[in-house]
Amino acid sequence: MAPQALRCCKRALNWLPVVFVNLVVGWSYYAYVVELCVFTISNHAERISYLVIFHIFLMMFIWSYWRTIWSVPASPSQAFSLPRAEKELYEREERAEMQQEILKKVARNLPVYTRMPDGGIRYCKPCQLIKPDRCHHCSTCERCVLKMDHHCPWVNNCVGFSNYKFFILFLTYASLYCLVICATVTQYFIKFWTKKLPDTHARFHILFLFFVAALFFISIVSLLSYHLWLVGKNRTTIETFSAPVFTNGRDKSGFSLGCSRNVTEVFGDQAKYWMLPVFSSQGDGHSFVTRLVHIDPEQANSVLQQNGKRWRWMLGGRGDQMAIRFNGNTGIIGFSN
Ligand SMILES: [Zn+2]
Ligand SMILES: [Zn+2]
């Protein structure tokens, strides 16, 4: 098969999990609205209130799911591509150390603070660019993705800087959608086992509705809890498996600025947008404030005071010595052992 056709087949297959989720949601809609609310519930007020609550959560779930799927993964700007002269030099050069020298020269003018495990500049050969901090190349999307978290098959998209908030909201509303179904179906589920439901085919839809919603609720809530923990720690899934390497060494919490600032970085500082799938994350995805570098000197004192206890504990625990260098001109502070 021609590579082009093979690629088309692969792209089509990648949509299967999304189709599966849509089929399950479509069936749950039919089972809840038609079989439960229309055919089973006889009390008019109960039916209306269930339908209103169900549709509110369904709408929020579909909205955030839609935005997670269709957000184009943010890629590094042109500033991170090698200039033409350096690109030609890089391609002609065969010695790895000389290639690194070329990259180092270009990276000097870029806000890049993380390195390869061997200390080299992070460079993406397929995209021909210097990777910004927290950016990774996704082989499925075939591009570099800013603040890449992971490639999610359930949304057939990369979860990263452009849609991480939408992804969290998708998990939140999906769990609430399942919870609403479980909570309202429970009494009819009990009636099924006590044989108090009319003997129609609606009985089996109600039975499966409860089981499927409970099963999805448990798995989605586990994933949501993990990602809320990651938000609080300001870590991506990739960074939990491989801690980012700074010029001073590996630091799994290098981007953490304290729980509330970490949450603000993803959700923004305006509470009215937190629960809506509209983009409100802070920054441009290319550079991130870290606790090691890039802190404004005026903020440095308060950050140090806030983290004072933690630093003292860390220093006491590890027995390291720490030197703090202030550079008033560039606004950079650094910690070194
Ligand atoms: Zn790339
Ligand atoms: Zn991807």
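Residues numbered from 1 in each chain as written. Chains lettered and ligands numbered in written order. Predicted model: local features only at pLDDT ≥ 70, side-chain atom pairs only at ≥ 80, totals over all residues.

### A closer look at the sheet that holds strand 9 (residues 249-250)
Okay, so step 1: Reading across the sheet, the three strands line up as 1-8-9 and stay open at both edges, with antiparallel pairing between neighbours. With partners counted over all chains shown, the strands left at the sheet margins are strand 1 (114-115) and strand 9, one partner each.
Okay, so step 2: Across two bridges, the pairing between strand 1 and strand 8 (residues 245-246) is antiparallel. Paired with R115 across the strands is V245, a residue of strand 8. (Pairing = 2+ DSSP bridges. Helix = DSSP H or I, 4+ residues; strand = E, 2+ residues; numbered from the N terminus.)

### Looking at helix 9 (residues 259-267)
Okay, so step 1: Listed as buried for helix 9 are E265, V266 and F267.
Okay, so step 2: With its phi angle positive at about 90 degrees, G268 sits one or two positions after the end of helix 9. (Buried ≥ 20, exposed ≤ 12 C-beta atoms within 10 Å, placed from the backbone.)

### Looking at the packing of helix 3 (residues 44-70) against helix 6 (residues 164-193)
Okay, so step 1: As a packed pair, helix 3 and helix 6 sit with axes 8 Å apart at the nearest point and diverge in direction by 155 degrees. Here helix 3 is positioned roughly antiparallel relative to helix 6, judged by the angle of their axes. Here helix 3 runs over helix 6; the crossing is left-handed. Residues Y50, I53, F54, F57, L58, M60, F61, S64, Y65, R67 and T68 of helix 3 lie in contact with helix 6, whose contacting residues are F166, F167, L169, F170, Y173, A174, L176, Y177, V180 and T184. (Axes fitted to C-alpha atoms, helices over the stretch in contact; angles between N-to-C directions. Parallel < 35°, antiparallel > 145°, perpendicular 65-115°, else oblique. Left-handed = near helix turned anticlockwise from the far one by under 90°. Contact = placed C-beta atoms within 7 Å.)

### Digging into unusual backbone geometry
Okay, so step 1: Here the phi dihedral of R134 falls at roughly 70 degrees; this positive angle occurs in a residue that is not glycine.
Okay, so step 2: Relative to the helices and strands, R134 resides in the loop between strand 3 (129-130) and strand 4 (136-138).
Okay, so step 3: Note on R134: 25 C-beta atoms within 10 Å, which makes it buried.

### Examining the UniProt feature "transmembrane region" (unreviewed entry) in the chain
Okay, so step 1: Here the UniProt feature "transmembrane region" (unreviewed entry) sits at residues 12-32, 48-66, 166-190 and 202-226.
Okay, so step 2: Along residues 202-226 the backbone is 100% helical and 0% strand, and the end-to-end C-alpha distance reaches 36 Å. (UniProt positions renumbered as here; feature names shortened; annotations may be inferred.)

### Observations regarding the nonpolar core
Okay, so step 1: The biggest cluster of nonpolar side chains holds 50 residues, and the ones touching the most others in it are F170, A174, Y177, I181 and L209.
Okay, so step 2: When residues of this core are traced back to their parent elements, those giving at least two are helix 2 (16-38), helix 3, strand 3, strand 5 (143-145), strand 7 (157-159), helix 6, helix 7 (202-233) and helix 9.
Okay, so step 3: Top element by residues in this core is helix 6. It accounts for 15 residues.
Okay, so step 4: Of the residues that make up this core, three or more belong to each of domain 1 (4-73 + 161-224) and domain 2 (78-131).
Okay, so step 5: Dropping the residues within four chain positions of it, I181 is found in contact with S28, Y32, L209 and A213. (Core = buried A, V, L, I, M, F, W, Y, C linked by C-beta atoms within 7 Å. Domains from an automatic or database assignment.)

### Some points on the packing of helix 2 against helix 3
Okay, so step 1: Contact geometry for helix 2 and helix 3: axes closest at 11 Å, N-to-C directions at 170 degrees. Judged by the inter-axis angle, helix 2 sits roughly antiparallel to helix 3. Here helix 2 contributes V18, Y32, V33 and C37 to the contact with helix 3, which in turn contributes R47, Y50, L51, F54 and I69.
Okay, so step 2: Across the contact of helix 2 with helix 3, the residue classes break down as eight nonpolar, no polar and one charged. (Nonpolar A, V, L, I, M, F, W, Y, C, P; charged D, E, K, R; others polar.)

### Quick word on the confidence of the model for the chain
Okay, so step 1: Summary statistics for the chain give a mean pLDDT of 87 and a share of 86% for residues scoring 70 or more.
Okay, so step 2: For the chain, the element scoring lowest by mean pLDDT is strand 10 (residues 323-327), at 31; strand 4 scores highest, at 98.
Okay, so step 3: Note on residues 297-301: pLDDT under 50 across the span, and six contacts to partners over four residues away in sequence or across chains. (pLDDT = per-residue confidence, 0-100.)

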